[in-house]
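Tertiary structure, described
One letter stands for each residue in the lines below.
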Amino acid sequence: MSDAETEANHRPSTTTQQQLQDLRLRAERRHNATYSLPPDTPAIVQQLVQDLQVHQIELEMQYEELLMAQREAERLRQQYEGLYDFAPVGYCTVAGSSVIEQLNLRASKLLGSLRAGLVGRRLAMFVAPKNRQEFNDYLDNLLQQHDSAPQVITVQLLREGLPPIYVRIEGQAAENDELPPRAIRLALTDVTEQYQTRRALEISEERFRILFNRSEDGMLLMRDNRFVDCNEAALRLLGLGTKEELLGRHAAAYSPEKQPNGLFSTLQANAYWEEALRKGYCRFEWCRMRTTGEEFWEDILLTAIPDPETGGHLVHAAWRDITHEKQAAIRIRESEERLRLALNASETGVWTIDYTTDLVQWDVRSQTIFGRPFDPNPTPFQVIKDAIHPDDFACVSEALQRSSREHAPFDLEHRVVWPDGTVRHVSAVGKIVQSAPGHPGRFVGLMRDITQRREAEEELNYKNQLLEHILVHLPVILGRLTPNGTYLELVGQGLRRLDVRDNELVGRSLFDVFPSMTEPARRLLAAEPVAFIDVAEYGGQKLYYQNYGFFDQQRQQAVLFAIDVTEAEQGRVQLQAEKEFTQSLLNNTVDCVVALDTELHITAWNSRTATLVQVPEAEALGRPYQDLLTGMASDPAIHDRLMRALAGEPCDYQNWHGRNRPVIMDFNFVPLHTQGTVSGVLIVGRDVTERAMMLAEATRLKLRQQQEVLSAILTTQEEERRRISESLHNGVGQLLYATRLSLDTLPPSEAARTSLQLLADAIRATRAISFELTPSILEDFGLETALRELVKRIPTQALAIDLNLSGLHQPLPRPLETTVYRSVQELLNNVMKHAKAHEVFVQVAREDGTLHVSVEDDGVGFEDTTLAKPSNGIGLAGIRTRVGLLGGTFSLQSRPGRGTSITLAFPVNS
């Protein structure tokens with residue numbers, strides 16, 4: 001076959017006629033190429049033969065094409081069978097009544113039977129009864145639809161001898177069925193695992209929902225730390241009626257502003273939220289408030305779970321009301337705290353003996369009582385046995401054995417020896433606690449260190465013995481009385497001066513024996529402590545007894561203790577008389593007199609001092625002088641003189657100015673001697689306030705006179721300077737100007753030009769001297785403008801001046817302005833002449849009633865500031881004198897290489 005024939009064979013034909021025509025042409029070409037009749041054959045025969053041959057060739061070619069089409073159809077059928085029968089999805093075709101007409105191997109496997117036995121059976125019979133009606137409706141819908149769109153249903157299939165499965169059926173009506181009943185093509189997919197998984201998930205969700213809604217604990221869901229769902233229990237906990245009152249609110253809603261730990265509830269809730277997201281869970285206790293304002297405690301467990309809606313996390317919160325448990329725990333802690341406080345207050349230690357292991361468990365205090373460092377581990381009982389004093393070991397062992405044998409309480413006081421050899425007294429109590437019948441159990445006990453008590457008892461015994469010795473050998477009396485005043489006991493050496501023996505007056509009434517003691521005795525028997533001196537006469541002599549008494553409520557008896565103070569009282573009376581005489585002398589002097597002991601406590605305080613300080617003598621005696629004489633106590637010079645006086649050196653202090661009162665004093669500090677040693681200091685102060693005021697007034701008068709003289713001098717100087725300045729300006733200046741005009745008329749020459757230059761310099765110098773003598777700008781425009789003009793006249797290449805002026809908009813007194821101007825002028829001249837400075841800072845400022853002037857340079861400075869005193873300089877001396885006469889202050893600071901600073905301050909009346 002030629003290429004053209006091959007192309008013709010493969011060229012697609014649009015119609016049957018064209019295909020037959022092409023086939024005819026191919027047959028003719030093949031006939032012409034293979035066979036021809038003899039030339040003498042009639043034309044009609046040749047035409048018939050040719051037609052027959054061509055037709056034969058056509059039939060042969062049609063047969064070949066049929067064979068090729070058959071082979072292609074067989075290939076396509078085999079391919080269809082492979083795709084259809086061995087597809088992983090079950091395919092079947094059913095009639096309208098669900099009769100199976102065709103199905104593949106996967107569909108027969110899903111139905112659990114052979115394919116041959118399934119054709120002709122109804123597919124609905126394999127559908128579970130619960131889904132059968134739904135399946136039939138599904139088929140009817142497929143038959144009735146006209147758009148041939150696929151529809152899906154999931155049903156359960158029942159199989160013979162096999163467990164049921166769930167299949168997903170996707171079907172559509174066949175499009176090439178022209179007459180009813182139409183066929184339906186179905187695709188079956190096994191979705192048993194997906195169905196079971198989804199069903200398990202639904203069951204789990206249903207269980208969770210039941211647990212969520214019916215739980216007695218509050219169950220809530222949160223997103224972004226805000227509530228999105230809750231159960232009824234959560235609403236009951238908060239006392240809410242509907243979920244809308246809670247949903248959408250922050251996790252810290254219905255909580256106090258701060259939790260009991262002091263942290264803000266909102267910040268703490270955010271921290272717990274972050275922890276739950278980070279760890280997956282978070283558990284904590286929370287204080288919340290009901291709508292009634294009642295606080296309650298919750299145990300909250302937060303659990304983070306994935307959020308399918310947002311791709312983030314939901315948090316499940318479980319609330320459990322633990323208010324009762326919290327209160328119980330608080331009560332337990334309070335009980336434990338009370339027990340701990342009781343143990344601490346009584347300094348009691350706890351210890352236990354485990355007889356099974358023969359080990360002792362004891363706390364810190366118990367180990368401290370035995371003088372041992374704390375060890376949390378159990379200690380062998382032998383350690384305690386070794387610490388018991390050898391003399392007490394036998395009785396301690398016997399008491400422990402008796403307690404174990406008879407189950408009797410153990411109560412014993414004994415001694416222990418510390419590792420360093422110290423002996424301590426211990427009180428131990430306890431009992432056996434039986435763990436189970438037949439078991440030795442354990443001993444639980446308490447112990448206290450009673451060393452101080454035992455020492456106190458020994459001390460008391462010693463004091464009782466000492467009291468007996470006192471009663472026997474010293475002039476004292478001890479008496480005990482009944483509530484009605486009858487003597488129960490009356491002993492003591494003090495009775496001998498009254499010629500009374502011990503207990504001679506027992507049974508007699510105190511009111512009958514010593515009627516002078518009636519009033520204090522009644523107060524004593526009324527349970528009031530008494531202290532008084534009683535005077536008794538015996539043999540024409542007065543006897544004095546110092547009495548102390550109290551009432552013993554426990555024994556219902558009064559105790560009265562008396563000491564014979566006759567000699568002391570007689571000396572006191574004499575001393576009191578001498579003291580009254582001395583006090584009279586002190587009170588009648590015009591000076592202030594204060595006596596101090598070595599501790600600087602007041603022992604004497606006369607009336608003049610009391611009047612000045614306004615503190616009575618009774619309140620002053622015995623108090624530290626710092627409490628009353630605060631001004632003197634805060635003065636280091638006074639303290640220094642007090643120390644010198646205590647060291648035995650008399651000293652004084654003239655013109656002391658009071659800190660709290662406008663008073664001026666002259667003080668004398670005199671050491672007080674007792675038996676050769678200094679026992680205190682006597683301060684004698686005289687008020688010299690009037691004298692100082694008179695001196696101050698005289699000083700003020702003298703200063704006023706000096707100021708008046710200065711004002712006159714300054715006025716005279718300024719007038720003289722003005723006169724000289726006017727003479728220079730109006731006389732010499734005009735003459736120089738006239739000379740210059742005369743020279744201007746001469747012919748130009750070198751000599752004339754030289755003369756004109758010299759004449760211009762003379763005019764300029766004359767004007768400068770005239771300005772420096774009396775700057776008219778100071779009188780016309782004031783201090784501020786004059787100072788600025790003064791600074792402008794100094795070339796910047798010679799000295800850089802930084803001028804700062806403030807508060808000078810109001811006029812100042814004329815002498816003050818002149819003094820400030822002349823002082824600044826003189827100080828700048830000094831800087832240019834001597835300081836070798838590059839820059840100078842000048843400041844003149846008026847503030848708060850004071851005019852401050854400061855001139856500071858960066859020149860060479862000098863070490864000895866005394867060089868600036870009046871005796872060594874005219875310029876600074878004049879400035880210092882003028883400042884002093886105007887009531888101002890002059891201050892100079894200078895160091896070599898660091899420049900000089902001069903500061904002036906003048907008072908300015910408002």
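Note that the coordinates shown come from a computational prediction; the quantities given were computed from them, not determined experimentally.

About the criteria used
Residues numbered from 1 in each chain as written. Predicted model: local features only at pLDDT ≥ 70, side-chain atom pairs only at ≥ 80, totals over all residues. Heavy atoms only, no water. Helix = DSSP H or I, 4+ residues; strand = E, 2+ residues; numbered from the N terminus. Buried < 20%, exposed > 50% of the residue type's maximum accessible area, 1.4 Å probe, protein only. Contact = heavy atoms within 4.5 Å. Areas by Shrake-Rupley, 256 points an atom, 1.4 Å probe, with all protein chains shown as cover. Salt bridge = Lys/Arg side-chain N within 4 Å of Asp/Glu carboxyl O. Axes fitted to C-alpha atoms, helices over the stretch in contact; angles between N-to-C directions. Parallel < 35°, antiparallel > 145°, perpendicular 65-115°, else oblique. Left-handed = near helix turned anticlockwise from the far one by under 90°. Nonpolar A, V, L, I, M, F, W, Y, C, P; charged D, E, K, R; others polar. Pairing = 2+ DSSP bridges. Polar contact = N/O pair within 3.5 Å; in protein donor to acceptor, adjacent residues only side chain to side chain. 1 Å grid on protein atoms, 1.4 Å probe; cavity = no way out; pocket = protein on both sides within 12 Å on 5 of 7 lines; lining within 4 Å. Points joined across faces, edges and corners; volume = space filled by probe spheres on them. pLDDT = per-residue confidence, 0-100.

Points about the overall build of the protein
A tally of helices and strands in the protein yields 28 helices and 31 strands. Buried residues in the protein amount to 36% of all 910 residues. In the protein, of all internal contacts separated by at least 6 residues, the share reaching a separation of at least 24 is 45%. A total accessible area of about 54900 Å² is found for the protein, and carbon and sulfur atoms account for 54% of it.

Thoughts on the pattern of salt bridges
Overall, the coordinates contain 28 salt bridges when judged by the stated rule. For the salt bridge of Arg320 with Glu325, the shortest nitrogen-to-oxygen distance reads 3.5 Å. Each of the salt bridges in this network shares a partner with another, and the network as a whole consists of Glu413, Arg453, Arg454 and Glu457.

Things to note about the packing of helix α26 (residues 783–792) against helix α27 (residues 814–835)
Between α26 and α27, whose axes approach to 10 Å, the crossing angle comes to 15°. Comparing the axis directions of α26 and α27 gives the class roughly parallel. Considering only the axes of α26 and α27, their crossing is right-handed. Side by side, α26 and α27 meet where Leu783, Ala786, Leu787 and Leu790 of the first sit next to Glu817, Val820, Tyr821, Val824, Gln825 and Leu828 of the second. For the contact of α26 with α27, a count of residues per class yields 8 nonpolar, 1 polar and 1 charged.

What to know about the sheet that holds strand β9 (residues 295–306)
Strand order in the open sheet made by the 5 strands is β7-β6-β10-β9-β8, with antiparallel pairing throughout. One side of each edge strand has no neighbouring strand; the edge strands of this open sheet are β7 (226–230) and β8 (281–289). On average, adjacent strands in this sheet sit at an angle of 35° to one another, irrespective of strand direction. As paired elements, strand β6 (residues 218–223) and β7 share 4 bridges and run antiparallel to each other. Along β7, the bridge assignment pairs Leu220 with Cys230. Where helix α9 (residues 265–279) meets the sheet, it contacts β6, β8, β9 and β10 (313–321), and its direction lies at approximately 160° from that of β8.

Digging into the side chain of Asn225
For Asn225, the position within the fold is in the loop between β6 and β7. There is a polar contact of 3.0 Å between the side chain of Asn225 and the side chain of Asn270.

A look at the pairing of strand β11 (residues 348–354)
The element β11 is extensively covered by neighbouring structure, given that 5 of its 7 residues are classed as buried. In the sheet, β11 pairs with strand β12 (residues 359–362) via 4 bridges, with the strands oriented antiparallel. Pairing of Thr352 across the sheet is with Gln361, part of β12. Linking β11 to β12, which pair antiparallel, is a turn of 4 residues; within it Asp358 sits at a positive phi near 60°.

Let's talk about the sheet that holds strand β16 (residues 442–449)
Reading across from one edge, β13-β12-β11-β16-β15-β14 is the order of the 6 strands in this open sheet, with antiparallel pairing throughout. The outermost strands of the open sheet, each flanked by one partner alone, are β13 (379–380) and β14 (410–417). Where helix α13 (residues 393–406) meets the sheet, its contacts fall on β14, β15 (423–433) and β16, and the angle it forms with β14 comes to roughly 150°.

Looking at empty space enclosed by the protein
The full count for this structure, using the stated rule, is 5 cavities of 30 Å³ or more. Estimates place the volume of the second largest cavity at around 180 Å³. Forming the boundary of the second largest cavity are 16 residues, of which Ile477, Phe514, Met517, Asn547 and Ala562 lie nearest the centre. Mapped onto the lining of the second largest cavity, the elements with two or more residues apiece are β17 (476–481), β18 (487–491), β19 (530–538), β20 (541–552) and β21 (557–564). With 4 residues, the top contributor of residues to the lining of the second largest cavity is β17. Here the lining of the second largest cavity is composed, by residue class, of 13 nonpolar, 2 polar and 1 charged.

Digging into the confidence of the model for the protein
Per-residue confidence for the protein averages 81 on the pLDDT scale, and 85% of its residues sit at or above 70. Taken as a whole, residues 1–14 scores under 50 in pLDDT and shows 12 contacts with residues more than four places along the chain or in a different chain. Under a pLDDT of 50 for its full length, residues 867–874 has, in the predicted model, 9 contacts with residues more than four places off or in other chains.

A look at the environment of Thr357
Residue placement: Thr357 occurs in the loop between β11 and β12. Owing to a relative accessible area of 44%, Thr357 belongs among the partly exposed residues under this scheme. Distance in space between the C-alpha atoms of Thr357 and Arg442 is 9.8 Å, their sequence separation being 85 residues.

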